[in-house]
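Chain by chain, the residues run as shown.
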Amino acid sequence: MNVNPTRMVLTGLKRRLRTARRGHKLLKDKRDELMKKFLEIIRENKELREEVERKMAEVNSSFVMARAEMSTEILEEALMYPKRKIQLEASSRNIMSVDVPVLEFAIETGDEGDIFPYGFANTSGELDRAIIALSDLAPTLLKLAELEKSAQLLADEIERTRRRVNALEYVLIPNLEETIKYIVMKLDENERGNLTRLMKVKDMVLEQAHGYRNKNN
């Protein structure tokens, strides 16, 4: 750092170094805790995604069977006017200064026991099974979306924190330490120079005083 090697500057740099070291420790602790939370979410997300993919495969299979048993027109007509509406509510919770989403849904209208938007005269039982499976899967899908967004936000914060930790550890703190070492060296050098000059002055004074006494004698 380009600074004046003075004691005032040295005191300020030492204060900055203490602050940087304290901040470095806090950021490392934050990074480690974020990683712990991130891994927990990733594990839960993996299990939930596997469950969703398995159930979605079953739903798709049921829809394929229903499409094979029903005409396209009847299938589209059966699904055209759903009986229930879903109200999605989004809030957030804080994980280590990161606001992650909390998603909830509520059924606004319709009979909760009746999820079928069609009559049973012209539809297939496979379509019923697909509708039931999708209805049961909705909360899991919402939870999966919540976890995946949370994991993304935590990953972004971990990366930002890692960069700050590295900037402190490999740039700022070494620069401060080197600058402090340089200033201490310059101050010691100046002090030795001043001491040397004082000793020379003292010798000159003593020599003049001694020579003056000898002259008087």
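Computed from a predicted model, the values in this text were never measured in an experiment.

About the thresholds
- Residues numbered from 1 in each chain as written.
- Predicted model: local features only at pLDDT ≥ 70, side-chain atom pairs only at ≥ 80, totals over all residues.
- Heavy atoms only, no water.
- Helix = DSSP H or I, 4+ residues; strand = E, 2+ residues; numbered from the N terminus.
- Rg over C-alpha atoms; globule rule 2.2 N^0.38 Å.
- Buried < 20%, exposed > 50% of the residue type's maximum accessible area, 1.4 Å probe, protein only.
- Contact = heavy atoms within 4.5 Å.
- Areas by Shrake-Rupley, 256 points an atom, 1.4 Å probe, with all protein chains shown as cover.
- Patch = residues over 30% accessible without salt bridge, like charges linked within 9 Å, V, L, I, M, F, W, Y side chains within 5 Å.
- Salt bridge = Lys/Arg side-chain N within 4 Å of Asp/Glu carboxyl O.
- Core = buried A, V, L, I, M, F, W, Y, C linked by side-chain atoms within 4.5 Å.

S.K.: How should I be thinking about the overall build of the chain in this particular structure?
M.R.: The number of helices and strands found in the chain is 3 helices and 2 strands. Secondary structure elements of the chain, listed N to C terminal, follow the sequence α-α-β-β-α. Computed over C-alpha atoms, the radius of gyration of the chain comes to 38 Å, more than 25% over the 17 Å expected from 2.2 N^0.38 for 217 residues, which places it beyond the range of a compact globule. In terms of principal-axis extent, the alpha carbons of the chain reach across some 140 × 30 × 25 Å. Out of the 217 residues belonging to the chain, those deemed buried represent 25%. The contacts of the chain with a sequence gap of at least 6 include a subset with a gap of at least 24, amounting to 77%. Approximately 15200 Å² of the chain is accessible, and the part contributed by carbon and sulfur atoms is 54%.

S.K.: Where do I start with the side chain of N45 in this structure?
M.R.: The topology assignment puts N45 in helix α1 (residues 7-69). Look past the residues within four positions of N45 in its chain and what remains in contact with it is L144, L147 and E148.

S.K.: Explain a nonpolar patch on the surface here, please?
M.R.: A contiguous nonpolar patch, built from I86, L88 and F105 and spanning about 270 Å² of accessible area, is present on the exposed surface. One can find F105 in strand β2 (residues 98-109). Using a relative accessible area of 32% as the deciding quantity, one classes F105 as partly exposed.

S.K.: How should I be thinking about the pattern of salt bridges in this particular structure?
M.R.: Oppositely charged side chains can form a pair if their charged atoms are brought close together. Summed over all chains, the structure comprises 14 salt bridges. Taking the shortest distance from any N to any O, the salt bridge between E157 and K30 comes out at 2.9 Å. Highlighted residues: E157 in helix α3 (residues 125-216) and K30 in helix α1, separated in sequence by 127 residues. One exposure class covers both E157 and K30, and it is buried. Residue E146 pairs with K143 through a salt bridge whose shortest N-O separation is 3.2 Å. In this pair, E146 and K143 are both assigned in helix α3, 3 residues apart and thus about one turn of the helix distant. One network of salt bridges, with partners in common, ties together K30, E157 and R160.

S.K.: What is the right way to look at the nonpolar core in this model?
M.R.: General note: in soluble globular proteins, nonpolar side chains tend to be found buried as a group. Counting 14 residues, the largest nonpolar core has L34, F38, I41, I95, V98 and L154 as the members making the most contacts within it. Within the residue set of this core, elements represented by two or more residues are α1, β2 and α3. Broken down by element, the residue count for this core peaks at 6 residues, all from α3. Apart from the residues within four sequence positions on either side, L154 is in contact with L34, K37, F38, I41, I95 and V98. Counting 12 residues, the second-largest nonpolar core is a separate cluster that includes L17, V165, L168 and I173.

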